[in-house]
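Architecture at a glance
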Amino acid sequence: MEEKKLNIAKSIYNALNNENITLEEIESKIETPKDKQNGDFAYPCFNLAKVLRNSPVNIANSIKENIVLDDSISKVEVVNGFLNFYLNSENIVNDVLMKIVEEKEEYGSSKEGEGTNIIVEYSSPNIAKPFHLGHFRNTVLGKALYDLYETLGYNVTGINHLGDWGRQFGILIEGYRRFKDEYNLEENPLEALSDIYVRINKIAKEDEEVMNIARENFKKLEEGDVELTKLWKFFREVSLKEYNRIYSLLGSKFDSYNGEAFYNDKMDEVIDILDKKSVLIDSQGAKVVEVGDNMPPCIVLKSNGSTIYATRDLAAILYRARTYDFTKCIYITATEQILHFKQIFEVAKHLVDEKYQKGLVHVSYGMIRLKTGKMSTREGNVIYVNDLINDAINKSKEIMLAKNPELENLDEVSKKIGIGALIFNYLKNGKNKDIIFDLDETLRFDGETGPYVQYTYVRTKSILEKVGFNIENINKDEIQYNLLKEKQEVELIKELEKFEAIIRKAANEYEPSILARYLIDVATAFSRFYNECSVANCDDDKLKEVRCTLVYATSIVIKKGLSILGIDCPEKM
Ligand code: ARG
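First, a word on what this report is: a plain description of the structure on this page. All values reported here derive from a predicted model rather than from experimental measurement.

Rules used in this analysis
Residues numbered from 1 in each chain as written. Predicted model: local features only at pLDDT ≥ 70, side-chain atom pairs only at ≥ 80, totals over all residues. Heavy atoms only, no water. Axes fitted to C-alpha atoms, helices over the stretch in contact; angles between N-to-C directions. Helix = DSSP H or I, 4+ residues; strand = E, 2+ residues; numbered from the N terminus. Parallel < 35°, antiparallel > 145°, perpendicular 65-115°, else oblique. Left-handed = near helix turned anticlockwise from the far one by under 90°. Contact = heavy atoms within 4.5 Å. Nonpolar A, V, L, I, M, F, W, Y, C, P; charged D, E, K, R; others polar. Buried < 20%, exposed > 50% of the residue type's maximum accessible area, 1.4 Å probe, protein only. Polar contact = N/O pair within 3.5 Å; in protein donor to acceptor, adjacent residues only side chain to side chain. Pairing = 2+ DSSP bridges. Expected span 1.5 Å × (residues − 1). Arc of directions from axis to C-beta.

**Examining the packing of helix α5 (residues 89–103) against helix α22 (residues 541–565)**
Working note: a packed helix pair is described by the angle between its axes plus the distance between those axes. Running from amino to carboxyl end, α5 crosses α22 at an angle of 65 degrees, the nearest separation of the two axes being 10 Å. Classified by the interaxial angle, the pair formed by α5 and α22 is roughly perpendicular. Handedness of the α5/α22 crossing: left-handed. Listed contacts from α22 to L97, I100 and V101 of α5 are T549, L550, A553 and I556. For the contact of α5 with α22, the class distribution of residues is six nonpolar, one polar and no charged.

Now the structure itself:
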């Protein structure tokens, strides 16, 4: 499609033959109308009216008269100052289906990112606490971005910047010592630890002596005290064990779990560099870096000399530039941290080359609220992702049992559907949209849902199985693509054609919802096609063969699209 767009832009450019109007400008204005009645591409002439001192309609007409187009375009029409271009559908049908048959599972992938390193930092929970809904949204977004970039050929590194350092571990250690015997740490270690933390934190806030012990604990931990380090490692290990169980269900990929603690010994250098550049300023005993008039300064050292969250992030930027030579380093967090990232990206100017500093990107996502108030770890009414996943799987099991009692692998299928429903529900919403969390809504199976798209895939498989169609046994040179002429056939193929451009757009805009919504469009187009055109019962063998090829092509796109989002397809459901 991109190629076609460029070709049309070139033709318009030549037809206009005006040095005040650039090819890039024209290309950027070309739209793809939602309603195919208005063509496959449309070029609005309104912005030319000023430069050409003529009305948009006149301009459109004169372009139409002068334009030279190749045979991939079947017609051009002028409608209200728009030029509407219609693609020659025979060409598309050929080009797209041939490409899918040729490339199979590789369809939609590209090599454009080859040799370019991209970091996707995501999930990054604070350890010793259960995984909650915010982490879930973060994790599914990050995994999708990881795969989008990988599909485009980039060399992607997934980093889980665990929140595994800070004074709170001094507090937790004290609580653990006091209360551990009251808990069953084998069974629910994270719930136990977070409960212990809440209890001891309350005490420490009221009792300065306890707070001092906590401070002392953390100081010892920073210095590498053997016994305390052992405890800290235990907290980290039980946390990761639990998180990894969830990550494997969501398809998350991490190449590094270097969290905040990893930078404990790497912050002195940061302070040193900033100091040498004379940008460290004393402010009420603390050391800060000015980051412009619109933001408060970034605190790097507190007045007691200790480092903070931001200091560790600065050390991470330096380390990642050196270790990964990244072109982009993407951070995913909730919107609460927008200011934090603005500040550290500003300070990074003093630490790393411009090319790295310019590659720092913060991707934030909206809030998830429970029906009552904001979700918080302190209020108690939190939904743990563990419970949520179990609920989703159980509910999908019930539905499957009712629908298809004979289904084999019920457990496995329910797992794929339940988790698929959850992931899709989050990813179909734009990342900035706040989500009001409603369990029933999340687990709905009809309409614009994950199970609906999965079900479309299962349908393609069962049609192909029924017909006994196997792409490997088909003589590819003899497929008669030109037999596909029905409107629904062509519409479906036009959807499949967009796949690669959609992947690129979703990656460029850090917006997996673009892919999720696209998959709904593909499923809908498939359903229209399947309602109108008989496949298994088609009496024309050649037509049957090429329709099966179209069904096969649809299965490829849906399976791959869902897998990028972290959703597995069952073969039957
Ligand atoms: N651990 C933090 C939290 O849970 C998120 C970390 C984000 N990444 C970073 N490099 N600061 O709020």
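**Examining the environment of R137**
Within the secondary structure layout, R137 lies in helix α6 (residues 133–151). Given a relative accessible area of 3%, R137 falls into the buried group. Note: C-alpha distance between R137 and V288 (151 residues apart in sequence) is 33 Å. Among all residues touching R137, those that are not within four sequence positions of it are Y365, G366, M367, I368, Y426, G430, K431, K433, D434 and I435. Here the side chain of R137 touches G430 through a polar contact of 3.3 Å, landing on its backbone oxygen.

**Points about the sheet that holds strand β7 (residues 286–289)**
Ordered in space as β6-β7-β8, the three strands form an open sheet in which the pairing is antiparallel. The open sheet is flanked by β6 (280–283) and β8 (298–301), the only strands paired with a single partner. Between one strand axis and the next, the sheet turns by 45 degrees as a mean value, whatever way the strands run. Note: β7 against β8, three bridges, orientation antiparallel. Directly across from V288, in β8, lies its bridge partner I299.

**Things to note about the environment of F437**
For F437, the position within the fold is in strand β12 (residues 435–437). Distance from F437 to Y426, taken between C-alpha atoms, is 9.9 Å for residues eleven residues apart in sequence.

**A few points about the pairing of strand β9 (residues 328–334)**
Taken across its seven residues, β9 has six buried, putting it largely inside the fold. One ladder, built from four bridges, connects strand β4 (residues 117–121) with β9; its direction is parallel. The partner of E121 across the bridge, within β9, is Y331. Judged from the six bridges that link them, β9 and strand β10 (residues 360–365) form a sheet pairing that is parallel. Considered in β10, the bridge of C329 is made with L360.

**Some points on α5**
Its 15 residues place the ends of α5 21 Å apart at the C-alpha level, agreeing with the 21 Å of an ideal helix rising 1.5 Å per residue. Looking at α5, one finds that the buried residues are I92, V93, V96, L97, I100 and V101. Taken end-on, α5 shows its buried residues confined to a sector of 140 degrees, consistent with a single buried face. Buried-residue contacts for α5 involve β3 (82–87), α19 (487–497) and α22.

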